Amino acid sequence: MVVDNIIMGLKSVLTPMEEEDLKLIKSWASDPLICNNYHKSLVEEENFLKELISGGNDHVKAYTINTEDSKAIGKLTIEIGDDNTANMDILIGEKIYIGKGYGKDALKAAIKHCFEYLNLDVEPDEFWSWDRIFDPLYSFMKNPKDHKHKFLEPRVDFFKKHPSQIKDAQAE
């Protein structure tokens, strides 16, 4: 299967979300411990993600957060605004992975991806400085009017599906 925009972290792999991943969102939405710690209605989130997967919004990308052994454990969305600002939303839905550094690793990888994709020119210390916390992304560019996006070549999905994903797909 050819997949573009795979984002590699040190311990997490972000893959473009697919329709079959929405089953996980439903299971997380029915878990009160997950819902209590998440700021959005996961039912509304599921509908939003369905729209994204079907190609309904070019400015937002939805990813499934996986472990290195292809276990899906969460989701991350990246929204790029018209003014080159970025918003990210993350949820680790598998309880045994909460607090183990997977969310932090996924965020770091996604931020690195955004800078490579957007070709932003910024020193990491400057970007993470509390003095610049409310500055939009375009303020980190040397020349935002002449900015060109970096094209990311499609990649081959070299991860096998987790057996539970295959079993669930065959049951339907």
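Structure's up top.
About the criteria used
- Residues numbered from 1 in each chain as written.
- Predicted model: local features only at pLDDT ≥ 70, side-chain atom pairs only at ≥ 80, totals over all residues.
- Heavy atoms only, no water.
- Salt bridge = Lys/Arg side-chain N within 4 Å of Asp/Glu carboxyl O.
- Helix = DSSP H or I, 4+ residues; strand = E, 2+ residues; numbered from the N terminus.
- Buried < 20%, exposed > 50% of the residue type's maximum accessible area, 1.4 Å probe, protein only.
- Pairing = 2+ DSSP bridges.
- Phe/Tyr/Trp six-rings, centres within 6.5 Å; stacked < 30°, edge-to-face > 60°.
- Lys NZ or Arg CZ within 6 Å of the ring centre and 35° of its normal.
- Core = buried A, V, L, I, M, F, W, Y, C linked by side-chain atoms within 4.5 Å.

**A word on the pattern of salt bridges**
At step 1: Evaluated as defined, the whole model comprises two salt bridges.
At step 2: A salt bridge links Asp 31 to Lys 95; its shortest N-O distance comes to 2.4 Å. Taken together, the positions of Asp 31 in the loop between α1 (22–29) and α2 (32–35) and Lys 95 in the loop between β6 (86–92) and α4 (102–118) put the pair 64 residues apart, joining distant regions of the chain.
At step 3: Owing to a relative accessible area of 14%, Asp 31 belongs among the buried residues under this scheme.
At step 4: The partner of Asp 89 in a salt bridge is Lys 75, and the shortest N-O contact between them spans 2.5 Å.

**Considering the sheet that holds strand β4 (residues 60–67)**
Where strands meet in a sheet, backbone hydrogen bonds hold them as pairs that are either parallel or antiparallel.
At step 1: Pairing is antiparallel in the open sheet, where five strands are placed in the order β2-β3-β4-β5-β6. Looking at which strands have only one partner, the edges of the open sheet turn out to be β2 (7–8) and β6.
At step 2: Of the strand pairs in this sheet, β4 and strand β5 (residues 72–80) are connected by seven bridges, and their pairing is antiparallel. From the neighbouring strand, Tyr 63 faces β5, where its bridge partner is Leu 76.

**Let's talk about the packing of aromatic side chains**
At step 1: Under the counting rule described, the total for this entry stands at one aromatic pair.
At step 2: Taken together, a centroid distance of 5.3 Å and an interplanar angle of 85° make the contact between Tyr 97 and Tyr 102 edge-to-face.
At step 3: A residue is classified by how much of its surface remains accessible, and Tyr 102, at 15% relative accessible area, is buried.
At step 4: Its end group placed over the ring of Tyr 102, Lys 11 keeps NZ or CZ at 4.5 Å from the ring centre.

**Quick look at the nonpolar core**
At step 1: Within the largest apolar cluster, 15 residues are counted, with the highest numbers of intra-cluster contacts made by Leu 14, Ile 65, Leu 76 and Ile 78.
At step 2: Secondary-structure elements contributing two or more residues to this core are β4, β5 and α4.
At step 3: Here this core gets five residues from one element, more than from any other, and that element is α4.
At step 4: Among the nonpolar cores identified, the runner-up in size contains ten residues, and Met 17, Leu 22, Leu 52 and Leu 91 belong to it.

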